[in-house]
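# Structural overview
Single-letter residue listing:
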Amino acid sequence: YPIVDFACGTAAENSPMSEIDRRLDRPKSPLTTLKLECPFTVYYQPIVCLKSGSVIGFEALVRWLHPERGLVSPMEFIAMAEETGLITPLGLWVLNESCRQIIKWQSLNLSVGNSPLTVAVNLSGRQFAEPESIEQIKQVLLETGVDARCLKLEITESVVMEDGEAAAAMLSHLRDLGIGLCIDDFGTGYSSLSYLHKFPINILKVDRSFVSRIGERGENLEIVRAIVMLARSLGMEVVAEGVETATQLAQMRAIGCEYGQGYFFSKPLDSEAATALLRRSPKW
Ligand code: C2E
Ligand code: MG
Ligand code: MG
Ligand code: MG
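What you see is a predicted model, and the numbers here were worked out from it, not measured in a lab.

## So, the packing of aromatic side chains
Taken as a whole, this structure holds ten aromatic pairs when the rule is applied. Note on F265 and W284: the rings are 5.2 Å apart at their centroids and 80° apart in plane angle, and the pair reads as edge-to-face. One end of the pair, F265, is in the loop between strand 9 (259-260) and helix 13 (271-280); the other, W284, is in the segment after helix 13, with 19 residues separating them in the sequence. Residue class for F265 comes out buried when judged on its relative accessible area of 7%. Exposure remark for W284: the relative accessible area of 27% places this residue in the partly exposed category.

As structure tokens, this is what we get:
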């Protein structure tokens, strides 16, 4: 497991690396002077309210700082972390980092308008299946002092649909904590539409494959329009993922989609750049 080979540098307390060391029952490596304290970092991609044109929050996206390969995309290691179970401590670390970032932004008074800035964190299938996750999430909120209303969790459509009964129970526990719940990559799984209303979901994130191919095939716009209508009738809101052009933004606005996320607004940014963006408070 390449990710384990990497458990060499200083394992910062409560970093995924210290958890890896613990699990492997490995003594702390002598290479503790390695410059990387934690080989992961969190990037933040803005999510924009299409009505006001302002940033309402961010999605937290993990990156692996590889000494030779540079910034490695989660596409290249999330599946492996999921297989090995390392996704659990890694996911918790991302949650913890994101919550600490929320507190930093709040202390800088960088919330927008009167609604609080929210950060959406991805919850892996494995974390979602572990009942202990509830307590762990609760604990992170408590320790960081984050108001649950500032946190959203994203769970992919396929994970939610895999075991509907268990998913519904897990989602209601999270909902009871006051956390906002999003179905990620909506439209790519096999949602049983008759099931959807049974889940306490706040937001559907339409997969970017629909948004990015709108120009190519007229029916993709109709699919997104139908999702927006479906969401509305179920009391949910919609985020269009992967908005890359002004035309796509205009189309999303025209069909009444509430939020947008994508390179047209901004790529995912490190915390400093995300803070700078908040200070500029851009309007689209
Ligand atoms: P996702 O949750 O659907 O996140 C959106 C992905 O789309 C991100 O890729 C983002 O950079 C990318 N994206 C956003 N806007 C655009 C756009 O306009 N065009 C294009 N082409 N791409 C866009 P990223 O950061 O590489 O993450 C990939 C996936 O890895 C995420 O998809 C998510 O499923 C997973 N992931 C990332 N961070 C975490 C994490 O902390 N935990 C877990 N469990 N999964 C994570
Ligand atoms: Mg996501
Ligand atoms: Mg997504
Ligand atoms: Mg996606």
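## What to know about the coordination of the magnesium ion (ligand 2)
The coordination sphere of the magnesium ion (ligand 2), as far as protein atoms go, consists of E59 (OE), N122 (OD1), E154 (OE) and D184 (OD), spread over 2.0 to 2.2 Å. A distance of 3.5 Å spans the gap from the magnesium ion (ligand 2) to the magnesium ion (ligand 3), which D184 bridges by coordinating each metal. Of this pair, E59 sits in strand 2 (residues 55-66) while N122 is found in strand 4 (residues 118-122), placing the two residues 63 residues apart along the sequence. E59 sits in the buried class, given a relative accessible area of 4%.

## Quick notes on the pattern of salt bridges
Side chains that differ in charge, positive against negative, can pair when their charged atoms come close. For the structure on display, the rule yields eight salt bridges. Across the pair R100 and E97 runs a salt bridge, and its minimum N-O distance is 3.8 Å. Here the residue R100 and the residue E97 both occupy positions in helix 4 (residues 87-107), the gap between them amounting to three residues, near one helical turn. Judged by its relative accessible area of 40%, R100 is partly exposed. Residues E222 and R225 are paired through a salt bridge, measuring 3.0 Å at the closest nitrogen-oxygen approach. In this pair, E222 and R225 are both assigned in helix 11 (residues 218-233), three residues apart and thus about one turn of the helix distant. Under the relative-accessibility criterion, E222 is labelled partly exposed at 40%. Each of the salt bridges in this network shares a partner with another, and the network as a whole consists of E59, E154 and K205.

Quick notes on the rules
Residues numbered from 1 in each chain as written. Chains lettered and ligands numbered in written order. Predicted model: local features only at pLDDT ≥ 70, side-chain atom pairs only at ≥ 80, totals over all residues. Heavy atoms only, no water. Phe/Tyr/Trp six-rings, centres within 6.5 Å; stacked < 30°, edge-to-face > 60°. Helix = DSSP H or I, 4+ residues; strand = E, 2+ residues; numbered from the N terminus. Buried < 20%, exposed > 50% of the residue type's maximum accessible area, 1.4 Å probe, protein only. Donors = N, O, S within 2.8 Å, 3.2 Å for Na, K, Ca; no water. Salt bridge = Lys/Arg side-chain N within 4 Å of Asp/Glu carboxyl O.

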